[in-house]
Amino acid sequence: MAQYGSMSKRWDFGTFQREMSDPDPDKPHQALFDINQDLEKQSFVLDESVQRAVFSSIMQQALNSSHSDVQGAAVKCIPNLVKKVKENSILEEVKNLADRMGASKKEQRDIAAISLKYLVDNIPFSFRNCVKVIVMSLVNQLPNAADDVKLDMIDVTTDLIKRFGGVLSIHTAKALNEDGIQAAVLAALGAKSLSVQKKAIACVAACSVHSSEVLFQQVMTEVINGISQQRHDKVRRYIQLCSAVSRVAGERVGGFLPQIMPLLMDNLDEAKLEDIGEDHDRIEVRENILQAYEAFVTKCPHQITPFLDHILESCLEGMSHDPYYDYGCEEEGDVDMEDVEDDEYADMLEQDCDDDDDTSWKVRKTSAKCLSAIIVSRPDCLHRVYDSVCSKEARGRDVAEENPSNRLCLPERFKEREESVRLDIFRVFGELLAATSKKNAPTPSTKVSDSFSNSRRLRTETRPEVRYLLDLKEFIVESIVKASRDKSMKVKTVCFQHLTTFAALLGQELVPMTGQFLAIIKETLALKEATSALKTEVLQFLHLIVISSVPMSPEAETIPSEVLPLVLQCVGDRYYKIVVESLKVCGALAPLIASSKQPAGHSTQVFTTVYDRLSVTDVDQEVKDAVIATMGSVLRHFASGDAQLLPAASVSQAFQQLLVMFKYECSRIPVMKALSATRDVPMDVGLVEKFMSEMCGFLRMSSRPLLQASLHGMKVLVERKAGQTPEPLLTHILKELVPLLSDGDLHLAHLAIDLADAILRCLKTVPDVLEKSVLPKFIDLLKSPLLQGSALESLERVFGELGQRSVMGYHPLLRMVLGAVGQCSSVSEQRQVLASVAAVTAKLTAQATEDQQAKTVEEYVSCLTQDSETSCALGLACLGEIGKCVDLTTNPRVMQVVREKFYHPKEDIKLLTSSALGKIAYGNPADLLPDLLSSIEKNDNNHDVRYLLLRALKETLSQANPHNDYDPLKPHLAAVYNVGAEFAGHEDEGTRTVVAECLGKLAVLSPATTVKGLILAAEKAGATGEATATAITAMKYAVSEPDFEKTTSLEDNLQFFLGFMKKPEGVDKEGLLANVKVRRASVQLFTAAVHSKPELIRPHLQTYMKNLLGQCDVDNDLVTPVNLGPFVHKVDDGIEIRKSAFECIDILLDGHFSDGDPLLDYLNDYPTVAEQVSNGMKQTQGQDIQILSFMMFCKLIKIPRAASAVTNCLDKIFAPALLGKVQERNVKEVSKDNISKQDAERIGDLLYNMLKMVFLIKASVPTAEENPNFAKFLTTVHLVPEHIVRAAEGGQ
């Protein structure tokens, strides 16, 4: 019996049996439908006593019923039924079902195959006996089965292996051995039926994912023997098998490539292109070999490197092979194919070849796909691809080739006659451009929210790969333009896509070809049969051409008259994407029209068309955003300054319409952006008031984007009508700003302060509301420890304005600011508040009179003599900030009193003293810097004071502007370097660290001289010198600075310093201990480069990674055993460098180049990284490394290209000897009663990150639970404290 939870309604088995045995087919059909509906309900429970009978009854109907509807209903019950029954209840029927696969009747075999597929897809993983029964039955039947029977058997077997491969390899002893599935399926490769061969190949490939090394060796031996011993059509099956195995288990195949590749190369030589002709078998062989090459390149990108040149050459030969067509006929008489009528062209093809007999296109298609795989999987070899397919040299070879059909340059192949192959060749070119664009600037943004002036800035940085395109730009453009005149809309669309990418890469270099582009744009837009996708691509390309053009240039003069009518016609199109793109083009055309010789007619046409679109309210949101942005660009260029191309009434009418749209919620932000773009366009004061009133009302809303846009928009409008906006409105706005002046959202606070500053500058007097309501909020902000950045800078500006205009005067305002610093027991608690108050104080003091300045400085000097720590800290902070902009040498007491604070008992005061001294020295370096340098050199007996003086020097260098050639510090840089170099090898580590920071700042200010000096110092000190570590650390600080310029020489210099990452040879134990500091500094420099300037390390990333991974393993030369009596303790001096190396790998996993391309995707060697990360999990000497390893593996799991590497590491990670021991040891430690709180937190953190990784693997890796080690480990998770398990489950 069965029941629904606690419901009284019960399912009657007897009724079900009677209906199932009824001769009327409607009764069993209805019974099957009803039980399937019940089985789908979660609350339905089938009694164990009737499970066997129910399953048997349903299978009898599926296999023996003569009615197809009943059979179909029975089969549909299987997925839900197997989830509601015990394994023992269905085991016998499952065996019977598997045996039916060999039945003599085809109908029974078909229904058995369908039923087994449903069963395999839905039975639980715990039904291992069912899996074993199915496997054994199929294995026994397969050798003697007919080909049509084998098809279904192998198909079911493949599904079974894909889902239960891990279970089969462990729990069925004979399932995958020489007498099992693999041997039986391999034997099926010899079947005459091609369908059976293909199914067998897929099945063996599925086995290869889970098979042992012995079994995999057998497969590869079979492949190698088959390729070496068979020929023609028989060798194809083994080549196909090799490809299939490579696609699913590429990492395992990589080790066999040295044996496989020579065999494939020999077979390729036998099927030479010139001998193919009518031999279709050889064409198939050639195709299969190229498919295998593609699989190797994609799945074994590094192991295939020695054969890459051969594969590249084979792809080029394959792409150019077309024995049935003479491409030279297109060039005879310099006649373009577009001049030949379509019918005539078709007749020519019919005469040349019969498409049914021509299969050479398969070779060309496969060659193109293989070449794409090389470009995508090996971006480091991009220059080799360019040299072969798209370079000046390749073009020269083609010109010398008399037969156009044998020309190999990629643009030559754009004339391919087979459309599908032609599209694949274009895809190769697209991948080439995409890979090149990843190494350069991204394509310019075409979002409607971007201003048209900013989008005009196209980066055209010429790296080596771009130079190849520059050399052939005319030829490439000519080839694409010619191909764009093809009849196929798909080909036309692809051509314009590539033209867009090509133009984005080359930028201004293509401007001279504007005429050719305009011609094909006009032709394409005028086509009646042009698709929406084609028009969209054409308009995007036109937009790029327009924004690349320089106004008033000859090319720019022709653009509006050539394309404007067609573009305006597209604005009225029905498809919204075409409308959006055409509006973008109109906005981009506005500056060209405004600067043309006869702008009047065009400007009126554009304005009228855009205004008509603006007036239509019932349109798509994307169209609304585009039309508002376009109207902003039109008004900006046609109605601002001297360019009065539109009547004032039309301009007013446009603003009125924008005001109407401003009242709709979805259009508010786009309208505000348009108003910002039209800040120089005359607008009626009444309209300004209406816009500002609306924006003021938005300040009470919760939408952050709306608040940001409103604050910025009001600032623009206030500055637009400075002095004309009514004072009551401005006062009301100031009142509404008060709630936004808090540290809850510092960016909004910054915008609000900027708006208050703009209002203050517009008013003749300071309003009461500002001093009574707004000013106290400013003081509250100064009290915030979060205040920094743009919000602090805005406060400085507004206080500078208040200092000049406030009625309360300088000293009362200064006292209000100083009041923000409260009295507290520790200066460190108010460090940021002191910095904020000091910055504002310096701004006020700098604008005061000399007498006021002198009096203020004297007050701060007196603060230094007080006992209060807070007063002393405030005086030092303020003197330092004031000293940057005011020369304090006029007061002789300042330097004396400040230096006395070096001997203060509090460390915070000492650090503030060094900071203040450095800033004061920057205010007058000619008088104060020599004295500071002299003091550093003389303080031999007091290392603490010297350390503080060096920190002061670092502060002085931090104030300098590297972009200002007239910075007052520039004449003294040589003297500073000499002092730094003197102490680079100092015995005190703290001193060396500060010296490294100083030298890093110097490298930013004077890169050529300083970096050269650092190289000389490192060469002199060698790989074991303290000065070498200091020089490398200085480079680390320099590379981390955003102002440090990236140059080619810097890449070379960085290569020198990163060379110290490698362990030196022939060095004794003492030298190795000294070298560890140098290597660690080099690793940290590499980390800084990865984080801040990854482009610097791109050319040699593979070498750097090899050296970095060499630091991750335990170095026994750095492990020193210490005898402690009953036991021996090992001191590991290499743990810090290993930790730094793992931290670097962690940053590499997150790192991206400036184009957004992941750093490790460029190397494409995730298996090595995953292997090293898994090794880090067993380094018990450093728990920090273990925690980092768990976190890094979580990141690897989320990287799609690392999926196979993650799966291959599961066996190793979850082996009892690795993660099992880690868990056992730490669970035992955390359970001790006497464990300290710190140790408990540390171990808890380790267990949390370990379990977080485990649960993420379980959720993200589909086949994880099939791994026996992983499945076993999951059963031990309950041993970890429950609160850690819950946190880890929620954290993943």
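Parameters and conventions
- Residues numbered from 1 in each chain as written.
- Predicted model: local features only at pLDDT ≥ 70, side-chain atom pairs only at ≥ 80, totals over all residues.
- Heavy atoms only, no water.
- Helix = DSSP H or I, 4+ residues; strand = E, 2+ residues; numbered from the N terminus.
- Buried < 20%, exposed > 50% of the residue type's maximum accessible area, 1.4 Å probe, protein only.
- Contact = heavy atoms within 4.5 Å.
- Lys, Arg positive; Asp, Glu negative; His and termini not counted.
- Charge placed at Lys NZ, Arg CZ, Asp CG, Glu CD.
- Core = buried A, V, L, I, M, F, W, Y, C linked by side-chain atoms within 4.5 Å.
- Salt bridge = Lys/Arg side-chain N within 4 Å of Asp/Glu carboxyl O.
- Pairing = 2+ DSSP bridges.
- pLDDT = per-residue confidence, 0-100.
- Expected span 1.5 Å × (residues − 1).
- Patch = residues over 30% accessible without salt bridge, like charges linked within 9 Å, V, L, I, M, F, W, Y side chains within 5 Å.
- Areas by Shrake-Rupley, 256 points an atom, 1.4 Å probe, with all protein chains shown as cover.
- Axes fitted to C-alpha atoms, helices over the stretch in contact; angles between N-to-C directions.
- Parallel < 35°, antiparallel > 145°, perpendicular 65-115°, else oblique.
- Nonpolar A, V, L, I, M, F, W, Y, C, P; charged D, E, K, R; others polar.
- Phe/Tyr/Trp six-rings, centres within 6.5 Å; stacked < 30°, edge-to-face > 60°.
- Lys NZ or Arg CZ within 6 Å of the ring centre and 35° of its normal.
- Left-handed = near helix turned anticlockwise from the far one by under 90°.
- Disulfide = S-S within 2.5 Å.

Asker: How should the overall build of the protein be read in this particular structure?
Answerer: Assigned secondary structure in the protein consists of 63 helices and five strands. In the protein, which comprises 1292 residues, the share counted as buried stands at 54%. Counted over contacts in the protein with a minimum sequence separation of 6, partners at least 24 positions apart contribute 75%. Distance between charge centres in the protein, computed from 141 positive and 178 negative side chains, equals 5 Å.

Asker: Sorry, what's going on with the nonpolar core here?
Answerer: When a protein is soluble and globular, its nonpolar side chains tend to lie buried together. Phe 296, Phe 799, Phe 1086 and Phe 1193 are the most contacted members of the largest nonpolar core, which totals 436 residues. Excluding residues within four positions of it along the chain, Phe 1193 makes contact with Val 1173, Met 1177, Val 1206, Cys 1209, Ile 1213, Met 1253 and Ile 1257.

Asker: How do you make sense of the pattern of salt bridges when you look at a structure like this?
Answerer: Any two side chains of opposite charge can pair if their charged atoms end up close together. Taken as a whole and assessed by the stated rule, the structure comprises 47 salt bridges. The shortest N-O distance in the salt bridge between Asp 148 and Arg 109 comes to 3.2 Å. Within this pair, whereas Asp 148 is found in helix H8 (residues 147–171), its partner Arg 109 is found in helix H6 (residues 106–122), the two being separated by 39 residues in sequence. A relative accessible area of 42% places Asp 148 in the partly exposed class. You can call Arg 109 buried: its relative accessible area is 9%. In the salt-bridge network here, residues are joined through shared partners; they are Lys 117, Asp 155 and Lys 199.

Asker: Whenever I open this one, the pairing of strand S5 (residues 1128–1132) confuses me. Can you help?
Answerer: Residues in a regular strand point their side chains to alternate faces of the sheet. As judged from the five bridges shared by strand S4 (residues 1119–1123) and S5, these two strands associate in the antiparallel manner. Counted as the bridge partner of Val 1122 is His 1129 from S5. Where S4 folds back on S5, the antiparallel hairpin that results is connected by four residues, among which Gly 1125 adopts a positive phi of roughly 85°.

Asker: Please clarify how the confidence of the model for the protein should be interpreted in this entry.
Answerer: Segments scoring low in pLDDT should not have their predicted coordinates read at a detailed level. Looking at the protein as a whole, the pLDDT averages 84, with 91% of positions reaching at least 70. Here residues 439–462 is a poorly scored stretch, pLDDT under 50, and it has 55 contacts once near neighbours within four places are set aside; other chains count.

Asker: How do you make sense of helix H50 (residues 1007–1021) when you look at a structure like this?
Answerer: The periodicity of an α-helix, 3.6 residues per turn, causes residues three or four positions apart to be oriented the same way. Here H50 contains 15 residues, and its C-alpha end-to-end distance of 21 Å stays within 8% of the 21 Å for a straight helix at 1.5 Å per residue. Along H50, the residues that are buried comprise Thr 1010, Val 1011, Gly 1013, Leu 1014, Ile 1015 and Ala 1018. A positive backbone phi angle near 80° is found at Gly 1022, which sits one or two residues after H50.

Asker: Hey, could you run me through a nonpolar patch on the surface in this one?
Answerer: On the surface, a nonpolar cluster with roughly 310 Å² of combined accessible area is contributed by Val 1122, Leu 1124, Phe 1127 and Val 1131. Within the element layout of this structure, Val 1131 appears in strand S5.

Asker: Please explain the packing of helix H16 (residues 280–299) against helix H19 (residues 361–377) as it appears in this structure.
Answerer: Two quantities define a packed helix pair, namely the angle between the helix axes and the distance between the axes. Where H16 contacts H19, the two axes come as close as 9 Å, and the packing angle between them is 10°. With respect to their mutual orientation, H16 and H19 come out roughly parallel. Along its contact with H16, which presents Ile 283, Glu 284, Arg 286, Glu 287, Leu 290, Gln 291, Tyr 293, Glu 294, Val 297 and Thr 298, the element H19 presents Lys 362, Val 363, Thr 366, Ser 367, Lys 369, Cys 370, Ala 373, Ile 374 and Ser 377. Its residues assigned to classes, the contact of H16 with H19 shows eight nonpolar, five polar and six charged.

Asker: What exactly am I supposed to notice about the environment of Glu 419 here?
Answerer: Summarising the element assignment, Glu 419 is placed in helix H22 (residues 419–438). The exposure class assigned to Glu 419 is partly exposed, which follows from its relative accessible area of 35%. Residues Glu 419 and Thr 865, spaced 446 residues apart in sequence, show a C-alpha to C-alpha distance of 88 Å. Non-local contacts of Glu 419, meaning those with residues more than four positions away in its chain, are made with Ser 488, Lys 490 and Val 491.

Asker: Would you mind going over the environment of Ile 154 with me for this structure?
Answerer: Examined against the element boundaries, Ile 154 turns out to sit in helix H8. Distance in space between the C-alpha atoms of Ile 154 and Cys 203 is 6.7 Å, their sequence separation being 49 residues. Once residues within four sequence positions are removed from consideration, Ile 154 is found in contact with Leu 142, Ala 188, Val 196, Lys 199, Ala 200 and Cys 203.

Asker: It is not clear to me how a negative patch on the surface should be interpreted in this structure. Could you clarify?
Answerer: Taken together, the side chains of Glu 907, Asp 944, Glu 987, Asp 988 and Glu 989 make up a negatively charged region of the molecular surface. Structurally, Glu 907 is set in helix H45 (residues 907–923).

Asker: Got a minute to help me understand helix H35 (residues 704–720) in this structure?
Answerer: For H35, which comprises 17 residues, the first-to-last C-alpha distance of 24 Å matches the rise-based estimate of 24 Å (1.5 Å per residue) to within 8%. In the core, the buried residues of H35 are packed alongside helix H32 (648–662), helix H33 (668–677), helix H34 (685–698), helix H36 (727–737) and helix H37 (746–762).

Asker: Hey, could you run me through the side chain of His 972 in this one?
Answerer: As for its placement among the helices and strands, His 972 is situated in the loop between helix H47 (943–959) and helix H48 (973–982). Filtering out sequence-adjacent residues up to four positions away, His 972 remains in contact with Pro 925, Ala 926 and Leu 929.

Asker: Before we go on, may I ask you to explain the packing of aromatic side chains in this structure?
Answerer: In this description, a pair of aromatic rings is defined by centroid distance and the angle of the planes. One pass over the full model with this rule turns up 16 aromatic pairs. Ring-pair connections join several aromatic residues into one group, and the members of that group are Phe 414, Phe 426 and Phe 429. Of note, Arg 395 hangs over the ring of Phe 475, and the distance from its end group to the ring centre comes to 3.8 Å. Sitting over the face of the ring of Tyr 1037, Lys 1036 holds its NZ or CZ atom 4.7 Å from the ring centroid.

Asker: How do you make sense of the packing of H34 against H35 when you look at a structure like this?
Answerer: Where H34 meets H35, the axes come as close as 9 Å, and the angle between the chain directions of the two elements is 150°. With respect to each other, H34 and H35 are oriented roughly antiparallel. Crossing handedness for the pair H34 and H35: left-handed. Residues Val 688, Phe 691, Met 692, Met 695, Cys 696 and Phe 698 of H34 touch H35, and the partners they reach there are Leu 706, Leu 707, Ser 710, Gly 713, Met 714, Leu 717 and Val 718. For the contact of H34 with H35, the per-class residue count stands at eleven nonpolar, two polar and no charged.

Asker: Just checking my understanding: could you explain the state of the cysteines for this structure?
Answerer: A disulfide bridge is the covalent bond that connects two cysteines by way of their sulfur atoms. Per the counting criterion, the structure on display carries zero disulfides. Of all cysteine sulfurs in the structure, the one in Cys 315 sits closest to Cys 370, which takes part in no disulfide; the separation is 3.5 Å. Given a relative accessible area of 0%, Cys 370 falls into the buried group. Sulfur of Cys 696: no disulfide; nearest cysteine sulfur belongs to Cys 762 and is 15 Å away. For Cys 696, a relative accessible area of 3% translates into the label buried.

Asker: Even after reading the chapter, I still don't get the environment of Lys 162, so can you show me in this structure?
Answerer: Position of Lys 162 among the secondary structure elements: in helix H8. Residue classification places Lys 162 among the exposed residues on the basis of a relative accessible area of 53%. Taking the C-alpha atoms as reference points, Lys 162 and Val 209, 47 residues apart in sequence, are found 8.6 Å from one another. If sequence neighbours within four positions are ignored, Lys 162 has contacts with Ala 206, His 210 and Glu 1266.

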